[in-house]
Amino acid sequence: MDANPEHRGRDHIVSFLDSFQHCAPENIHVCLVFEPLGENLLALIDRHKATGVPVGLVKVITKQMLLGLQYLHDQCDLVHTDIKPENIMISIPDVESHIQAQLSISPSPTSRKVGVPPKQIMRPGVAIPRRPTGRERHVQIFDSQPLSSPLHSASSSPPARNALQMSRIDSNQSTLSQVLASSSTNDKDKAPQTSHDTDSSPSTPDLSDHSGPSSVLVSTSYASSSNDTPPTSVGSVMSSMMKLTMSNPEASRTCTCLCKDMPDLEEENISRSDALQRQEVPPTGPSLLSQTAPQNIHHRNCSSHSSSSAPHSKAHPPTPLSQSPVMPCSASPEPLPPISIKIADLGNATPSRKHYTEDIQTRQYRSPEAILGRTDWGYTADIWSVACVVFELLTAEYLFDPQSQGDLFGKDDDHMAQIIELLGDFDTEMKFGGRYSREIFDSSGALRYIRSLKPWPLKRVMMEKYLWSEPDAAALCEFLEPMLVVDHRKRKQAHDMVGHPWLEVDLRSPDLVAL
């Protein structure tokens, strides 16, 4: 299908710029080149881990997430299948000047030589080592670091986050004791919850490793796979990326160009750095990305600066690029939002009706239909994940963080128990539609291994645990609960939620803080 490049959500999907093949001695690697982006939402959550991200900022981010998903779902017929904070990247305005500033203060890259073990000739049950030839093979590895945001450095190892502990934690315990108890576990499986009197059951594959995507260059090989999500073929990655690029010939609308007649930009960036005494200074002019990107990538914004080379009129004096915000092409009295995000890591994106895999979504953001092993999931699987991300932004805690209890029960059992405690029981028809249904539920529709449930609805959670007022909690629940309907066939889609009243925010409000 032909995607509309003018769709508002296109600006909130990462732009695929180019691809190339790197021929290594042992394999051929396909490298994908994306636009430079800043840190992900996990770093933002980490900076607000005490109180959560401000509500106004969460509303702006959520609106942009829904717009991006509306574009993917309605225009591209793609389900992302792995929406989580690590895959939502913060866009950097005036990224070219920011790259130049970073290059001016960054030390020269370091590298190290690593030996490559020789291939062994394999026979059934026997490994025959090769005779040493005296010429060992080496590979040169260059160290790299992520592109920091303009105001903050990306958090390389954010501390473990806590999860919403449901009724299996004593309601009389303080929040501090919950945090202390939960912080003693590892970074994948946070706080183990109080055990249920049950037996074990098999679980669907757990994909809860949380490594975010690279913000500048993503490369993948034919033989590699990610720990975050199930691997798909390079061909599927390329087809998804090419579809996004072909649907928008002008790719990224937020990129800006460094005009040759604006020398103040380079001088200002270098003067702010502490590297004035360095002998090696990056050359003035567009970055390597701009020089090698497709020629029409900056057409729109560059055209807006084309008048800079002509004599300037008195009525419209020129404004240095480094002193002015990046303005959209369409003149609008509405102020720019304090943050702009882009959905990234489309490596597991799949058409809604032709799935590349049935094992989808990272554990904490996994929808009920995926837990049960149903195959009729679609766009609304992403919407469930969005609701989980919104809760996490507001509270700095997971909405669902299931734990296994040895031989008593598995993560799928605990995950489904947490969902029922928060949202209530659901139809038997929905329970028995997946390949894991009989392992999680018995013939009566009750949980097979977890019998004792204590409901704790979302509204009460926000009021009792996070001390929200009743009107604020009710308004939030009115927004989140349609996206948390257990039956995915009745769950709202992105185009249904993007205009919800809860998302309305005054961008001129002083309470709407930026990064």
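Residues numbered from 1 in each chain as written. Predicted model: local features only at pLDDT ≥ 70, side-chain atom pairs only at ≥ 80, totals over all residues. Heavy atoms only, no water.

The name recorded for the protein in an unreviewed UniProt entry is non-specific serine/threonine protein kinase, from Somion occarium.

Peer 1: Lay out the overall build of the protein in plain terms, naming residues and giving numbers.
Peer 2: For the protein, the count of helices and strands is 16 helices and 13 strands. For the protein, with 515 residues in total, the buried portion stands at 49%. The contacts in the protein between residues at least 6 apart in sequence include a share of 78% that link residues at least 24 apart. When the accessible area of the protein is evaluated, it comes to approximately 25,500 Å², of which 53% is carbon and sulfur surface. (Helix = DSSP H or I, 4+ residues; strand = E, 2+ residues; numbered from the N terminus. Buried < 20%, exposed > 50% of the residue type's maximum accessible area, 1.4 Å probe, protein only. Contact = heavy atoms within 4.5 Å. Areas by Shrake-Rupley, 256 points an atom, 1.4 Å probe, with all protein chains shown as cover.)

Peer 1: Explain the nonpolar core to me, using residue names and the numbers behind them.
Peer 2: The biggest cluster of nonpolar side chains holds 86 residues, and the ones touching the most others in it are I61, L66, M416 and L480. Ranked by size, the runner-up nonpolar core spans six residues in total, among them I360, A370, W377 and Y379. (Core = buried A, V, L, I, M, F, W, Y, C linked by side-chain atoms within 4.5 Å.)

Peer 1: An account of a nonpolar patch on the surface is needed here, citing residue identities and associated values.
Peer 2: A surface patch of nonpolar side chains, about 180 Å² in accessible area, is lined by V114, V139 and I141. Topologically, I141 is positioned in strand β8 (residues 137-142). (Patch = residues over 30% accessible without salt bridge, like charges linked within 9 Å, V, L, I, M, F, W, Y side chains within 5 Å. Salt bridge = Lys/Arg side-chain N within 4 Å of Asp/Glu carboxyl O.)

Peer 1: Now, about the pattern of salt bridges: what can you tell me, with residues and values included?
Peer 2: Counted under the stated rule, the structure contains 16 salt bridges. The closest approach of N and O atoms between E35 and K342, which form a salt bridge, is 3.0 Å. Residue E35 is located in the loop between β2 (28-34) and α1 (41-47), and its partner K342 is located in strand β11 (residues 341-343); the two are separated by 307 residues in the primary sequence. Owing to a relative accessible area of 3%, E35 belongs among the buried residues under this scheme.

Peer 1: Which residues make up the side chain of Q102, and what values do they have?
Peer 2: Relative to the elements of secondary structure, Q102 occurs in helix α3 (residues 95-105). Excluding residues within four positions of it along the chain, Q102 makes contact with L147 and S148.

Peer 1: Before we move on, could you go through the side chain of E39 and cite the residues and values that matter?
Peer 2: Mapping E39 onto the fold places it in the loop between β2 and α1. By relative accessible area, which is 3% here, E39 ends up buried. A polar contact of 2.6 Å, which involves the side chain of E39, links it to the side chain of R47. (Polar contact = N/O pair within 3.5 Å; in protein donor to acceptor, adjacent residues only side chain to side chain.)

Peer 1: Give a description of unusual backbone geometry that names residues and reports values.
Peer 2: With a phi close to 75°, T81 is a non-glycine residue in the positive phi region. The residue T81 is located in the loop between β3 (78-79) and β4 (88-90) in this model. Residue class for T81 comes out buried when judged on its relative accessible area of 2%. Residues other than glycine seldom take positive phi values, yet D345 does so here, at roughly 55°. Among the structural elements, D345 can be located in the loop between β11 and β12 (350-351).

Peer 1: Provide a residue-level description of the packing of helix α2 (residues 55-75) against helix α10 (residues 380-395), including the pertinent values.
Peer 2: Where α2 meets α10, the closest approach of the two axes is 10 Å, and the angle between their N-to-C directions is 165°. Between α2 and α10, the angle is such that the two are roughly antiparallel. In the packing of α2 onto α10, the handedness of the crossing is right-handed. Each of V55, V58, I61, T62, M65, L66, L69 and H73 in α2 lies in contact with α10, whose residues at this interface are D382, I383, V386, V389, V390, L393 and L394. Tallied by class, the residues present in the contact of α2 with α10 amount to 12 nonpolar, two polar and one charged. (Axes fitted to C-alpha atoms, helices over the stretch in contact; angles between N-to-C directions. Parallel < 35°, antiparallel > 145°, perpendicular 65-115°, else oblique. Left-handed = near helix turned anticlockwise from the far one by under 90°. Nonpolar A, V, L, I, M, F, W, Y, C, P; charged D, E, K, R; others polar.)

Peer 1: Would you mind going over the packing of aromatic side chains in detail, with residue names and values included?
Peer 2: Within the structure shown, the criterion is met by seven aromatic pairs. On the numbers, 5.8 Å between centres and 80° between planes, the contact of F391 with Y466 is edge-to-face. Taken together, the residues span a long stretch of sequence, with F391 in helix α10 and Y466 in the loop between α14 (458-464) and α15 (470-480) at a distance of 75 residues. Cluster of aromatic residues (ring-pair linked, three or more members): F426, F432 and F441. A cation sits over an aromatic face here: K59 above W502, 5.2 Å from the ring centre. The lysine or arginine in question, K431, covers the ring of F426, its NZ or CZ lying 5.3 Å from the ring centre. (Phe/Tyr/Trp six-rings, centres within 6.5 Å; stacked < 30°, edge-to-face > 60°. Lys NZ or Arg CZ within 6 Å of the ring centre and 35° of its normal.)

Peer 1: Break down the pairing of β2 for me, citing the residues and quoting the values.
Peer 2: With respect to burial, β2 is a largely interior element, five of its seven residues being buried. Direction of pairing for strand β1 (residues 16-23) relative to β2: antiparallel, over a ladder of seven bridges. The residue of β2 that forms the bridge with H22 is H29. Where β1 folds back on β2, the antiparallel hairpin that results is connected by four residues. (Pairing = 2+ DSSP bridges.)

Peer 1: Please provide a residue-by-residue account of α15, values included.
Peer 2: Along α15, the residues that are buried comprise A473, L476, C477, F479 and L480. The buried residues of α15 occupy one face: seen down the axis, they fall within an arc of 160°. Exposed and oriented more than 90 degrees from the buried face of α15 are P471 and E478. In this structure, the buried residues of α15 make contact with α2, α10, α14 and α16 (494-497). (Arc of directions from axis to C-beta.)

Peer 1: With reference to specific residues and values, describe the confidence of the model for the protein.
Peer 2: For residues with low pLDDT, the predicted coordinates do not support detailed interpretation. Overall, the predicted model of the protein reaches an average pLDDT of 74, with 59% of residues at or above 70. Low confidence marks residues 166-237, where pLDDT is under 50. Its contacts with residues over four positions away, or in another chain, come to 179 contacts. (pLDDT = per-residue confidence, 0-100.)

Peer 1: Explain the environment of P338 to me, using residue names and the numbers behind them.
Peer 2: Relative to the assigned elements, P338 resides in the loop between α8 (299-304) and β11. As for P338 and R508, which are separated by 170 residues in sequence, their C-alpha atoms are 9.8 Å apart.

Peer 1: Can you break down the environment of Y449 residue by residue, with the values?
Peer 2: Here Y449 is to be found in the loop between α13 (437-440) and α14. The spacing of Y449 and E439 is 10 residues in sequence and 9.0 Å in space, taken between C-alpha atoms.

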